[in-house]
Amino acid sequence: MRSKVTVVLSVVLAVYFALNGGLKLASHAHMVESFTRWGYGRSFLFAIGVVEIVSGLALAFRPTASLAGLALGAVMVGATYTHLVYREWGHALLPLFVLPLVVAVGLARGGGGRRWLRSPSASS
């Protein structure tokens with residue numbers, strides 16, 4: 001049951017990030033306006049869009065899930081920071097909600113997280 005929930009959650013997150021990243025790559029007016037207001041350039045908008053699409057899709061596959069969870073976690077920390085700095089309290093809630101989900105899915109699906117957390121002496 002646990003693995004089924006993880007698989008479903010990884011697919012939902014993959015779709016979410018693919019759509020969200022797609023809006024950035026398509027230069028959706030709201031995304032461009034927001035990134036401009038925050039002082040980020042268009043190249044940063046595109047870079048985040050690429051990271052969201054690639055990492056979102058990678059989250060759905062076991063071999064790349066840990067790295068994808070790490071990348072998306074970093075994006076969610078950055079998004080939360082930006083919203084808090086600009087006092088967009090309500091907008092900070094979504095990345096705060098998504099952050100533990102991508103980390104949990106990355107660790108559960110990838111398995112690589114368990115290797116990274118293990119002490120060096122444990123693997124000897």
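Located above this text is the structure these notes cover.
Residues numbered from 1 in each chain as written. Predicted model: local features only at pLDDT ≥ 70, side-chain atom pairs only at ≥ 80, totals over all residues. Heavy atoms only, no water.

**Examining the overall build of the protein chain**
Rules: Helix and strand assignments come from DSSP, with helices taken as H or I runs of at least 4 residues and strands as E runs of at least 2, each series counted from the N terminus. When a residue's accessible area, from a 1.4 Å probe over protein chains only, is under 20% of the maximum for its type it is buried; when over 50% it is exposed; and in between it is partly exposed. By the convention used here, residues are in contact when the closest approach between their heavy atoms is within 4.5 Å. Note on areas: Shrake-Rupley, 1.4 Å probe, and residue coverage restricted to the protein chains presented here.
Along its length, the protein chain carries 6 helices and 0 strands. Mapped in sequence order, the helices and strands of the protein chain form the string α-α-α-α-α-α. Looking at the protein chain residue by residue over its 124 residues, the buried ones come to 35%. Long-range pairs, those at least 24 residues apart, make up 62% of the contacts in the protein chain with a sequence separation of at least 6. For the protein chain, the accessible surface area stands at approximately 7500 Å², while carbon and sulfur atoms represent 72% of it.

**Let's talk about the side chain of Ser-66**
Here is the rule: Polar contact criterion, stated in full: a pair of N or O atoms within 3.5 Å, where within protein one must be able to donate a hydrogen and the other to accept it, and residues adjacent in sequence count only if both atoms are side-chain atoms.
In this structure, Ser-66 sits in helix H4 (residues 62-85). Within the structure, the side chain of Ser-66 is placed 3.2 Å from the backbone oxygen of Gly-106, a separation counted as a polar contact.

**Points about the pattern of salt bridges**
Which entries qualify depends on this criterion: The term salt bridge refers to a pairing of a side-chain nitrogen on Lys or Arg with a carboxyl oxygen on Asp or Glu at a separation within 4 Å.
According to the stated counting rule, one finds 3 salt bridges in the structure shown. Across the pair Lys-24 and Glu-52 runs a salt bridge whose closest N-O atoms are separated by 3.1 Å. One end of the pair, Lys-24, is in helix H1 (residues 2-25); the other, Glu-52, is in helix H3 (residues 42-58), and 28 residues separate them in sequence. For Glu-33, the salt bridge goes to Arg-37, with nearest N and O atoms at 2.7 Å. In this pair, Glu-33 and Arg-37 are both assigned in helix H2 (residues 29-37), 4 residues apart and thus about one turn of the helix distant. Relative accessible area serves as the criterion here: at 38%, Arg-37 is assigned to the partly exposed category. Through salt bridges with shared partners, a single network forms among Glu-33, Arg-37 and Glu-88.

**Description of the environment of Phe-35**
Structurally, Phe-35 is set in helix H2. Considered as a pair, Phe-35 and Thr-82 are 47 residues apart in the sequence and their alpha carbons are 9.9 Å apart. If near-sequence neighbours (up to four positions away) are discounted, Phe-35 is found in contact with Lys-24, Tyr-40, Phe-44, Leu-45 and Ile-48.

**Some words on the layout of surface pockets**
Put simply, the rule reads: A 1.4 Å probe that fits into a set of points on a 1 Å grid over the protein atoms alone but cannot get out defines a cavity; an open set with protein on both sides within 12 Å along at least five of seven lines defines a pocket, and lining residues are those with an atom within 4 Å of a point. Grid points are joined across faces, edges and corners, and a volume is the space filled by probe spheres set on the points. Amino acids are sorted into nonpolar (Ala, Val, Leu, Ile, Met, Phe, Trp, Tyr, Cys and Pro), charged (Asp, Glu, Lys and Arg) and polar (every other residue, Gly among them).
The volume enclosed by the largest pocket comes to roughly 520 Å³. The wall of the largest pocket is formed by 23 residues, among which Lys-24, Phe-35, Trp-38, Ala-79 and His-83 lie closest to the centre. Those elements giving two or more residues to the lining of the largest pocket turn out to be H1, H2, H3, H4 and helix H5 (89-110). At 6 residues, the largest contribution of residues to the lining of the largest pocket is made by H4. Taken together, the residues of the lining of the largest pocket break down into 12 nonpolar, 7 polar and 4 charged.

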